[in-house]
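# A closer look at the structure
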Amino acid sequence: MQENERNNNSEQAPVKEQKSFKAWLENYFYHYKWHTIIALVIVFAIVICSVQMCNKTSYDLHIMYAGSVDISRGAKEGDISEYQKLLSGIKPYASDADGDGTVNINLQSLFMPSTEEIEEIQKTEGYEANLALIAQNNELFKQNIQYGDYYVCLLSEHLFRKHTEGESIVRFAPIAPYAEGISSVMYAGEYGIYLSSLPIYEKPGFNLLGEDTVLCIRRVDYISGSFDKEDSLAVFKSSEDLLRNLITAK
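It should be emphasised that the depicted structure is a prediction, and the values quoted were computed from it without experimental measurement.

## Some points on helix α4 (residues 131-146)
For α4, spanning 16 residues, the distance from its first C-alpha to its last is 23 Å, which sits close to the expected 22 Å at 1.5 Å a residue. Taken together, the buried positions of α4 are occupied by I134, N137, F141, N144 and I145. The arc that holds every buried residue of α4, seen down its axis, measures 85 degrees, which confines them to one face. Tucked inside the fold, the buried residues of α4 contact β1 (61-67), β2 (105-111), α3 (115-123) and β3 (152-155). At the exit of α4 stands G148, carrying a positive phi of roughly 105 degrees.

Right, dumping it as structure tokens:
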């Protein structure tokens with residue numbers, strides 16, 4: 001009889017502990033519910049930010065193509081995308097600016113046909129120009145040539161002319177100092193060189209671009225993404241090195 005009572009007592013003890021913990025938990029959340037929720041939100045935000053910072057790519061250079069060629073990002077069977085071909089073509093001429101052992105280039109390609117080219121697209125059966133995308137690209141282009149780290153530019157001639165002729169403020173630097181001693185280059189005015197006049201135009205990636213593509217460089221801009229004069233100058237100098245390498249490549 002006594003043994004049965006002891007067994008019953010031993011079985012009931014954990015129930016009392018569970019009820020005690022449940023009561024404590026209920027009491028805790030009653031007094032600290034919002035404190036706990038806020039703390040969890042803060043911890044979650046810190047974790048997300050830390051993961052994003054760890055996965056964020058450190059770019060050595062930024063380069064922009066804007067023009068009449070719609071550079072595809074989709075890979076075809078047994079081949080890489082046009083975007084990857086151009087990116088791979090640029091990499092050998094860029095330097096590891098941040099010294100992390102890899103060359104990472106941020107290539108932005110903006111499809112921006114001329115008014116005449118848009119009209120031709122609209123006339124072609126089965127094709128329709130994505131006017132919303134073109135308008136969005138136009139805004140990105142305006143931002144990129146006013147500020148930021150996109151210094152080296154590959155532009156269709158109609159865009160190059162629009163932003164270098166008749167403008168009160170020209171955002172591009174004179175190109176001749178970067179091509180001294182090279183007689184074969186064909187200038188597109190004071191601020192650009194026709195890419196097709198350079199040996200590099202025959203290389204994979206570059207040969208996807210139109211013959212009227214102009215290679216140019218924006219003036220140094222101290223109002224960069226980092227808002228740091230020293231950083232902006234460092235990015236500009238790396239961009240100058242890339243420009244020289246592209247012009248002098250054999």
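## Brief notes about the pattern of salt bridges
Inspection of every chain in the model, using the stated rule, returns six salt bridges. Across the pair E120 and K123 runs a salt bridge, and its minimum N-O distance is 4.0 Å. Separated by three residues within a single helix, E120 and K123 lie in helix α3, roughly one turn from each other. The exposure class of E120 is partly exposed, given its relative accessible area of 46%. Residue R161 pairs with E165 through a salt bridge whose shortest N-O separation is 3.0 Å.

## Brief notes about the sheet that holds strand β4 (residues 193-194)
Reading across the sheet, the five strands line up as β2-β1-β3-β5-β4 and stay open at both edges, with mixed pairing between neighbours. Among the strands making up the open sheet, the edge pair consists of β2 and β4. Across four bridges, the pairing between β1 and β3 is parallel. The residue of β3 that forms the bridge with M64 is C153. Together, β1 and β2 form the strand contacts of helix α2 (residues 82-90), whose direction differs from that of β2 by roughly 135 degrees. Against the sheet, α4 contacts β1, β2 and β3, and its axis sits at roughly 135 degrees relative to β2.

## Here we look at the environment of Y65
Topologically, Y65 is positioned in strand β1. Here the alpha-carbon distance between Y65 and C153, two residues 88 residues apart in the chain, equals 5.9 Å. The contact partners of Y65, leaving out residues within four places of it in the chain, are I71, L107, Q108, S109, L110, L154, S156, L209 and T213. Only 3.0 Å separates the side chain of Y65 from the backbone nitrogen of V69, close enough to count as a polar contact.

Conventions and cut-offs
Residues numbered from 1 in each chain as written. Predicted model: local features only at pLDDT ≥ 70, side-chain atom pairs only at ≥ 80, totals over all residues. Heavy atoms only, no water. Helix = DSSP H or I, 4+ residues; strand = E, 2+ residues; numbered from the N terminus. Expected span 1.5 Å × (residues − 1). Buried < 20%, exposed > 50% of the residue type's maximum accessible area, 1.4 Å probe, protein only. Arc of directions from axis to C-beta. Contact = heavy atoms within 4.5 Å. Salt bridge = Lys/Arg side-chain N within 4 Å of Asp/Glu carboxyl O. Pairing = 2+ DSSP bridges. Axes fitted to C-alpha atoms, helices over the stretch in contact; angles between N-to-C directions. Polar contact = N/O pair within 3.5 Å; in protein donor to acceptor, adjacent residues only side chain to side chain.

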